[in-house]
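An overview of the molecular structure
Now for the letters of each chain:
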Amino acid sequence: MSIPLGVLDLVPISSGSTAPEALRNSIELARRAEEFGYARYWFAEHHLNPGVAGTSPAVVLALTAAATSTIRLGSGAVQLGHRTALSTVEEFGLIDALHPGRFDLGLGRSGGRPSPPLPGATPVVDGRAPNGLRIPPRFSFERLLGSPRIALQRKLLLLPGATSQDYAEQIDDVLALLAGTYRSPEGVEAHVVPGEGADVQVWILGSSGGTSAEVAGRNGLRFAANYHVSPATVLEAADGYRAAFQPSGVLDEPYVSVSADIVVAEDDETARELATGYGLWVRSIRTAEGAIQFPTPDEARAHVWTDEDRALVQDRVDTQFVGSPTRVADHLEQLQEATGADELLLTTITHDHKDRVRSYELLAREWHRRGHSFQSS
């Protein structure tokens, strides 16, 4: 079975570096990923993080489209909790007008609370899926969602007095605006120029088998499940989507991408050294400080870890795939088998840009050697 690989980029800023340098590095990495044969290159959306410069996927996509020619580009994801369907369709309509047929409009919820465990999901025994993939205990996001910093972020992103639209309704509006079939409750038509008829692939991103998976399935859309954000619920997310799936004019069958955090180097020891800063970086996110600038290995080793710190990041550290090309490719094939993924979406963050580029290059070479095609559907 041929499984395409894609890249998910947060536009990370390394310690001692700057946002402009991070943006230039990401655009260069997209060019190199195109050379290596990756199928997609997506940009995430994050706000108020000192170590992440990817605040506006549409803007970064426009810059990257001008520097590449064939690789599909997308958002992973546009966070609809503080946006409207119209503004989203207009932005992607604009970039599609100049680079038609190359964009994936990945849509996500922002500020949503995790869904309860899904009945009938793939069984997990002693922290492992049936094929041995590590599935750690659920991490509670309550502390993160209830932090003053997250509340401030929401306040700054929303206009005074504004409330978020129901997510399922918002997805319906996006699809109707793209198709040119939008009608208000009073029967008034809306036609987006540019945007209506844009040749974009619509994806729904989700971390559980709840609202996002249900919306993606009900509308017959492609779905991206997050092993790297919430490894405990990736099986529930994929199962929930497939259970809700209804064929559409877009898809006859479910189509799932699954994400993973990886670091690849020539050998396991080198890869582990490059990944040293990952735990400290995740800690900064999980404590609601905002993602710090990615530390050097020495900077990360200087941190004095408490038991609480370790518990905060253990699920993410345990499920990051780190090692030689052979080792990481083995892990990715196991992830694909456990989830039934049609594609895999990969994030690599290292302090030095050259090591990040090299990680993707080494994995692409090994993936090709194993006979996987990089062509996506």
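Since this is a predicted model, take the numbers as computed values, not measurements.

Some details on the pairing of strand 6 (residues 200–206)
- Of all the seven residues making up strand 6, seven are buried; the element is thus mostly covered by neighbouring parts of the structure.
- Side chains Val200, Val202, Ile204 and Gly206 of strand 6 all project onto a buried face; the interleaved residues Gln201, Trp203 and Leu205 project onto the opposite face, where all are buried too.
- As judged from the five bridges shared by strand 5 (residues 103–108) and strand 6, these two strands associate in the parallel manner. When the bridges of strand 6 are listed, Gly106 appears paired with Trp203.
- Summarising the sheet, strand 6 and strand 7 (residues 222–226) pair through four bridges and their orientation is parallel. Bridge pairing in strand 7 places Trp203 opposite Arg222.
- Regarding topology, helix 7 (residues 211–218) serves as the crossover connection from strand 6 to the parallel strand 7, and that connection is right-handed.

Some words on the pattern of salt bridges
- Applying the stated criterion across every chain, the model contains 25 salt bridges.
- For Arg369, the salt bridge goes to Glu366, with nearest N and O atoms at 2.7 Å. Of this pair, Arg369 and Glu366 both sit in helix 14 (residues 353–369), three residues apart, which is roughly one turn of the helix.
- Exposure remark for Glu366: the relative accessible area of 8% places this residue in the buried category.
- A salt bridge links Glu366 to Arg370, with the nearest nitrogen and oxygen atoms 2.6 Å apart.
- Three or more residues joined by partner-sharing salt bridges are found here, namely Asp330, Glu333, Glu366, Arg369 and Arg370.

Brief notes about the packing of helix 6 (residues 167–179) against helix 7
- One can describe the packing of helix 6 onto helix 7 by two numbers: an axis separation of 10 Å at closest approach and a directional angle of 35°. Helix-helix and strand crossings are classified by hand; for helix 6 and helix 7 the assignment is right-handed. Each of Tyr167, Ala168, Ile171 and Asp172 in helix 6 lies in contact with helix 7, whose residues at this interface are Thr211, Ser212, Val215 and Arg218.
- The residue inventory of the contact of helix 6 with helix 7, partitioned by class, reads four nonpolar, two polar and two charged.

Concerning helix 1 (residues 19–36)
- Counted at 1.5 Å a residue, the expected span for helix 1 with its 18 residues is 26 Å, and the 25 Å between its end C-alpha atoms agrees.
- Listing the buried residues of helix 1 in full gives Ala22, Asn25, Ser26, Ile27, Leu29, Ala30, Ala33, Glu34 and Phe36.
- Buried positions along helix 1 lie against strand 1 (5–9), strand 2 (40–43), helix 2 (57–65) and helix 14.

Points about the nonpolar core
- Residues Tyr38, Leu107, Leu332, Leu344 and Leu363 are the most contacted members of the largest nonpolar core, which totals 99 residues.
- Here this core takes six residues from helix 14, the largest share from any one element.
- For Leu344, the residues in contact, after removing those within four places along its chain, are Ile3, Pro4, Leu5, Gly6, Ser257, Val258, Leu332, Leu335, Gln336 and Trp367.
- Judged by nonpolar contacts, the second largest core, of six residues, contains Ala265, Ala271, Ala275 and Val322.

Observations concerning the environment of Ile13
- For Ile13, the position within the fold is in the loop between strand 1 and helix 1.
- Using a relative accessible area of 6% as the deciding quantity, one classes Ile13 as buried.
- Placed 282 residues apart in sequence, Ile13 and Pro295 show a C-alpha to C-alpha distance of 9.4 Å.
- Excluding anything up to four places from it in sequence, Ile13 contacts Thr18, Ala19, Ala22, Pro50, Gly51, Val52, Ala53, Gln293 and Phe294.

Considerations on a nonpolar patch on the surface
- On the surface, a nonpolar cluster with roughly 290 Å² of combined accessible area is contributed by Leu48, Leu152 and Leu156.
- Position of Leu152 among the secondary structure elements: in helix 5 (residues 148–157).
- Classification of Leu152 as partly exposed rests on a relative accessible area of 41%.

Things to note about the environment of Ser26
- Summarising the element assignment, Ser26 is placed in helix 1.
- Overall, the relative accessible area of 1% leaves Ser26 in the buried class.
- Spatially, the C-alpha atom of Ser26 lies 8.7 Å from that of Leu10, the residues being 16 residues apart in sequence.
- When residues no more than four places from it in sequence are discounted, the contact partners of Ser26 are Asp9, Val11, Tyr41, Phe43 and Arg356.

Digging into the side chain of Gln170
- If you trace the backbone, Gln170 turns up in helix 6.
- When sequence neighbours within four positions are dropped, the list of residues in contact with Gln170 reads Leu80, Arg83, Thr84, Ala85 and Gln165.

How each quantity is defined
Residues numbered from 1 in each chain as written. Predicted model: local features only at pLDDT ≥ 70, side-chain atom pairs only at ≥ 80, totals over all residues. Heavy atoms only, no water. Buried < 20%, exposed > 50% of the residue type's maximum accessible area, 1.4 Å probe, protein only. Helix = DSSP H or I, 4+ residues; strand = E, 2+ residues; numbered from the N terminus. Pairing = 2+ DSSP bridges. Right-handed = clockwise from strand over helix to strand, strands pointing away. Salt bridge = Lys/Arg side-chain N within 4 Å of Asp/Glu carboxyl O. Axes fitted to C-alpha atoms, helices over the stretch in contact; angles between N-to-C directions. Left-handed = near helix turned anticlockwise from the far one by under 90°. Contact = heavy atoms within 4.5 Å. Nonpolar A, V, L, I, M, F, W, Y, C, P; charged D, E, K, R; others polar. Expected span 1.5 Å × (residues − 1). Core = buried A, V, L, I, M, F, W, Y, C linked by side-chain atoms within 4.5 Å. Patch = residues over 30% accessible without salt bridge, like charges linked within 9 Å, V, L, I, M, F, W, Y side chains within 5 Å. Areas by Shrake-Rupley, 256 points an atom, 1.4 Å probe, with all protein chains shown as cover.

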